[in-house]
Amino acid sequence: MSLRVRPALPDDDAAWNSFVDSHPQGSPFHLTAWRDCIRETFGYQPRGLLVEDAGRIQGVLPLFLVSSPLSGRILLSSPFAVYGGALFSCEEARLALKEGLENLARAEKVQYVELRNAWDSQCLGYERVRRYVTFTHELAGSEEELLYTIPKKTRNLIRKAVKCGLASRHASDLEPFFRIYFTNLRRLGTPAFPRDHFRRILKAFAGSVYVLEVLHENRPVAVMLTFEYKGAIMPYYGASDREFNHLAPNNFLYWDLMRSGLQRGLRVLDFGRSKNIPEDGVFFFKSQWGSQMRELPYEILLVRRRTLPHISPANPRFSPFLAVWKRLPLWVTNRIGPLLVKWVP
């Protein structure tokens, strides 16, 4: 085998996507559609690498060059994605990608490289960052059998939501999504995304992404932009209207995704990333479904920087900023957020 590592080119897109689709650890965030959405919305520069043997791809590594006042100049795989990192067919391809990445990092004079691996088998051998976990729930059996894989307390909340008359539909208008989601981001102290970010995702991933709305008396009370890829349902950007939390709309939303996926032959619900902090609200919610938890083996390669970065809302140094942000009017956070969010990809 004679392997060559090189920068990915536009002419490689079809072969790149085919490799991702066929690889067991491939995710939507490895596809060129995600690359294009991120580049067009945030202006980050793609620096993807691939390994080939006689013109046949044996490994890929999506990368972006990101510059931020908080992190400095870095390489990231991948911005605003919970999963990323290298995909490869063999150990030789892994080593080739590792060498190519280190050469690129030095040439670009970055502070560090961050790889958001979903699986241990993706790791290149750098220092682990043990801050995040994910939860997954197998979709199997009948709807009743699936319901009984969920612990009793959560099961009762689902039944309560159903009795309250909650219903669901795929959204045709994004305004309710923006209203509910951006309000929740402000409450959490998180900058809002540009609206075009979501529009581009819906266009680029057409047929495998949608916005699910949960309705109470025909009013949207919870929303979720959701991917479906290779048999997995991946609720990704979502929130509920706190005024209706007593109706358990979040529980209804996730259950609706589960039962709908089961009916259509999908295999798993992927709850996505959570901070590995049991008292965190998102972690607690996801841990109440009887799902399988696993640590996400993110890696950091330090290049110019000498200590591991911690650019996260969980870092106490950001607490004063979060406290101020939560008190700002919504129109202010919606206006300023898209200018700031690109600093924290």
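Presented here is a report on the structure given in the accompanying data block. (Residues numbered from 1 in each chain as written. Predicted model: local features only at pLDDT ≥ 70, side-chain atom pairs only at ≥ 80, totals over all residues. Heavy atoms only, no water.)

### Some points on the sheet that holds strand S2 (residues 45-46)
Through backbone hydrogen bonds, the strands of a sheet pair up, either in parallel or in antiparallel fashion. Read from one edge of the open sheet, six strands run S2-S5-S6-S8-S17-S9, paired in mixed fashion. Looking along the sheet, the strands with just one partner apiece sit at the ends: S2 and strand S9 (127-129). Across three bridges, S9 lies against strand S17 (residues 298-302) in antiparallel orientation. Its bridge partner being in S17, Arg128 is matched across the sheet by Glu299. (Pairing = 2+ DSSP bridges. Helix = DSSP H or I, 4+ residues; strand = E, 2+ residues; numbered from the N terminus.)

### Focus on unusual backbone geometry
Following Ser77, the chain continues into Ser78 via a peptide bond in cis, with omega recorded as 5°. Residue placement: Ser78 occurs in the loop between strand S6 (72-77) and strand S7 (87-88). Non-glycine residue Phe80 carries a positive phi angle of around 55°. Within the secondary structure layout, Phe80 lies in the loop between S6 and S7. Since its relative accessible area comes to 9%, Phe80 is described here as buried. Phi is positive for Glu217, close to 50°, though the residue is something other than glycine. Relative to the elements of secondary structure, Glu217 occurs in the loop between strand S12 (209-216) and strand S13 (219-229). Judged by its relative accessible area of 71%, Glu217 is exposed. (Buried < 20%, exposed > 50% of the residue type's maximum accessible area, 1.4 Å probe, protein only.)

### Focus: the nonpolar core
Within the largest apolar cluster, 55 residues are counted, with the highest numbers of intra-cluster contacts made by Trp34, Phe227 and Tyr237. A total of six residues in this core trace back to one element, the largest contributor, which is helix H6 (residues 175-188). When neighbours within four sequence positions are excluded, Tyr237 is seen to be in contact with Trp34, Phe80, Phe177, Tyr181, Phe193, His197, Phe198, Ile201, Val223, Met224 and Leu225. Counting residues in each nonpolar core, the second largest holds 31 residues, with Ile158, Leu166, Leu212 and Phe271 among its members. (Core = buried A, V, L, I, M, F, W, Y, C linked by side-chain atoms within 4.5 Å. Contact = heavy atoms within 4.5 Å.)

### Brief notes about the environment of Gln25
Relative to the elements of secondary structure, Gln25 occurs in the loop between helix H1 (13-22) and helix H2 (32-42). Residues Gln25 and Gly85 lie 60 residues apart in sequence; the distance between their C-alpha atoms is 9.7 Å. Setting aside its immediate chain neighbours within four residues, Gln25 contacts His30, Leu87, Trp119, Ser121 and Gln122. A distance of 3.4 Å separates a polar atom in the side chain of Gln25 from a polar atom in the side chain of Ser121. (Polar contact = N/O pair within 3.5 Å; in protein donor to acceptor, adjacent residues only side chain to side chain.)

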